[in-house]
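# Close look at the chain arrangement
Residues per chain, in single letters:
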Amino acid sequence: MKVRSSGASEMAKSLLHLALMLLAGMVFAYPLLFMVAASFKPGEALFTDLGNPAALLPDARWSLNNYRAVFDKGAVGAYLLNSGLIALLSVGAGIFINSAAAFALAKLKWRGQGLVLTLIIGLLIVPFEVLAIPMLLIVSKLPWLDASGLTIGWLDTLHVQIIPFLANAFCVFLFYQFFKDVPDELVEAGRMDGASALTIYLRLVMPVCKPVIVTAAIVLFLGMWNQYLWPVMTVHTAGARPVMVGLQQFFGRSTQWGEVMAYACLITLPVMVFFLLFQKQFIRSVVGAGIKG
Amino acid sequence: MPNIVFKHADKRYDERIERYVFRDLNLHIRRGEFTVLVGPSGCGKSTLLRMIAGLESVSGGDLMFDELRVNELPPVKRGVAMVFQNYALYANMSVYDNIGFGLKIAGLPKAERHALILDAARQLQLDELLQRKPAQLSGGQRQRVAIGRAIVRKPTAYLFDEPLSNLDANLRGQMRAEIAELHRRQGVTTVYVTHDQVEAMTLADRIVVLSRQGLEQFGTPDELFDTPANVFVAGFMGTHRMNLVPVDAAHAPKLTLLTGQTVHALAAAGIGTVGARPEDIALVEGSSGSVQLVERLGAESLVHLLIEGSASPLTALTTDRSLAFGHQRTLRVAPDKLHYFGPQGQRLSAP
């Protein structure tokens, strides 16, 4: 009798747990699903279907017209390319720069490293908005040498949206915490074998840091893909415009909600793909699975 | 192969403050010898080893490899190889690449590297495991790879930092034999750190006993066992801890039984502590004490005998398996097997 009632109450608990998780999932998923569904419908259908769960399902009204309109009315393809370049270059260079800084702080001994670490951690609490104006003044005066010659000022370029953000205090701190858990003996074994600090960093330590590299990549990618304030301040021409500024411009030109939703879907898709590709490593890193040497 | 010599060497905990791990250390490790650094946790034995390796700086004084002062020399230029306690293998590389990494950094041609790696693998029975990663190896295999990484560089000295402490007892014995065999075969200067004094006694040509106060004694296992320089060495070395009896009224019954002398006479002779090894104490018929505990060790037993009038027992090793709690016995020890120490713990000759 006791076993049966305990089994029934366990089942009830599981069902309640499942129901709560489903509800939470729906709350998080509904806006995304709504956005996707609305992107395939004509604009007026969006308002008539509000509150109707069946509106999420495909029906006869679904078409690609909104997507066609987005590509016709706005240079979304170019903006996607700009944001893609900005994000990918930032991820590539940012992982190297931030991890190298963290390695120097965590695994090497040099005068002043405590102070530098304190400054970096201090930067974590400074909002970007505080730094934006001074940064704008600086980048408007910096020289740039490329194939076309020497120019003064970095405004209206892709590199103004990349270079100031390569050094990321949060990513440095992320790598620092991870490197602290890597046994010092690993570095010392490398020293005994005659490896330089750079070799130890590149060939011994970084290869065992895949989870945190993926986390840093996701953090950097999302941060650079979603940039809005800085591009608004520094980019005034379409040539270097990223997708978020493009969305704001498109929204100003089109009141067709279906088209706006289609634009939003286009700029959300790469982020979803990126996250889905690396979610396992990201979750592993976030829940603190470390590496034992 | 150099002699490794510390001359008036100091080591500070932190270069900015005046707190020392060692002060004025003088130590001469002879070429080709198997020298063991032994002592309790925190005594600085690993620090000393790392100073030889170049992983820790020498705060003051000189560290010499023969006539060459190596204080400022980086680890790779000293020609030594180190085996770490937790193996420190490169997790992303195969056994083959782990062993050959140092050779690759040194710029050796591929063919030469390959030959050296295979030779080291053969010596350590790692031939079948060369393509595995460290995560796919057992503890003993990982330790052999760590040793292989050291062997392949043909160093002038091997430095072992508690290499067996992560292994189970059986494997420890086996690896200990392999390390001893390696030294016997190659005759390379070896400095070995352990907290296990039994390991020290079985492996070493000479032992450096360290405490938090510094170097206590440096000698052969027999010297340390037969003539410990002070109370610390006497209590630390030996399979079974030496009975160390302070010369005071509270221990009078034990002292009388061991030495046949009074506390007053011993104190007048300047003796602060009397020592007797359990192996040197014979249990005979009598009623001076009663058995409190018998630790069965196989063929022998370690008997804890509480002498009447004492608060704590003496220990004696015996082959008498009939002894049990409450049995009455007395003890005998040959006078020449007793150890005498002064009030500061320093060894004295018999009164």
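All values derive from a computational prediction rather than experimental measurement.

This part covers the overall build of chain A. In terms of helices and strands, chain A carries 13 helices and 2 strands. Against the compact-globule benchmark of 19 Å for 293 residues, chain A has a radius of gyration of 24 Å, which places it well outside the compact range. Overall size of chain A, expressed as C-alpha extent along the three principal axes, is 80 × 70 × 30 Å. Sequence separation of at least 24 residues holds for 76% of the intrachain contacts in chain A that already meet a minimum separation of 6.

Counting its regular elements, chain B contains 11 helices and 18 strands. Counting only C-alpha atoms and orienting by the principal axes, one finds that chain B spans roughly 75 × 45 × 30 Å. Here chain B holds 351 residues, and the buried ones make up 41% of them. Long-range contacts, defined as pairs at least 24 residues apart, comprise 64% of the intrachain contacts of chain B with a sequence gap of at least 6.

This part covers the interface of chain A and chain B. Many authors give the size of an interface as the accessible area that is lost as the parts come together. Each side of the interface is counted separately: chain A has 15 residues, and chain B has 16 residues. Of all the secondary structure elements, the ones that give two or more residues to the side of chain A that touches chain B are helix H8 (184-192) and helix H9 (197-205) of chain A. Among the elements that line the side of chain A that touches chain B, the one with the most residues is H8(A), at 6 residues. Classifying every residue of the side of chain A that touches chain B gives 8 nonpolar, 3 polar and 4 charged.

The next subject is the confidence of the model for chain A. Per-residue confidence for chain A gives a mean pLDDT of 87; residues scoring 70 or more make up 92%. Below a pLDDT of 50 lies the segment residues 289-293 of chain A, which in the model reaches 13 contacts outside its immediate sequence neighbourhood of four places, other chains included.

Right, let's talk about the domain arrangement of chain B for a bit. All names here are of chain B. Domain assignment breaks chain B into domain 1 (4-79 + 157-236), domain 2 (92-154) and domain 3 (243-348). Taking the mean C-alpha position of each, domain 1 and domain 3 sit 33 Å from one another. Listed per partner, the contact involves 8 residues of domain 1 and 8 residues of domain 3. Each residue belonging to the side of domain 1 that touches domain 3 can be placed in one class, and the counts come to 5 nonpolar, 3 polar and no charged.

All names here are of chain B. Reading across the sheet, the 4 strands line up as E15-E14-E13-E16 and stay open at both edges, with antiparallel pairing between neighbours. The outermost strands of the open sheet, each flanked by one partner alone, are strand E15 (314-318) and strand E16 (328-333). Along the sheet, successive strands turn relative to each other by an average axial angle of 55 degrees, direction set aside. Pairing of strand E13 (residues 281-296) with strand E14 (residues 301-307) involves 7 bridges; the strand directions are antiparallel.

This part is about the packing of helix H3 (residues 95-105) of chain B against helix H4 (residues 110-123) of chain B. Residue and element names in this part refer to chain B. One way to put it is that H3 packs onto H4 with a least axis distance of 10 Å and a crossing angle of 135 degrees. On the basis of their axis angle, the class for H3 and H4 is oblique. For the pair H3 and H4, the crossing hand works out as right-handed. Listed contacts from H4 to Tyr-96, Ile-99, Gly-100, Leu-103 and Lys-104 of H3 are Arg-113, Leu-116, Ile-117, Ala-120 and Ala-121. Residue classes in the contact of H3 with H4 are distributed as 7 nonpolar, 1 polar and 2 charged.

Quick notes on the rules
- Residues numbered from 1 in each chain as written.
- Chains lettered and ligands numbered in written order.
- Predicted model: local features only at pLDDT ≥ 70, side-chain atom pairs only at ≥ 80, totals over all residues.
- Helix = DSSP H or I, 4+ residues; strand = E, 2+ residues; numbered from the N terminus.
- Rg over C-alpha atoms; globule rule 2.2 N^0.38 Å.
- Contact = placed C-beta atoms within 7 Å.
- Buried ≥ 20, exposed ≤ 12 C-beta atoms within 10 Å, placed from the backbone.
- Nonpolar A, V, L, I, M, F, W, Y, C, P; charged D, E, K, R; others polar.
- pLDDT = per-residue confidence, 0-100.
- Domains from an automatic or database assignment.
- Pairing = 2+ DSSP bridges.
- Axes fitted to C-alpha atoms, helices over the stretch in contact; angles between N-to-C directions.
- Parallel < 35°, antiparallel > 145°, perpendicular 65-115°, else oblique.
- Left-handed = near helix turned anticlockwise from the far one by under 90°.

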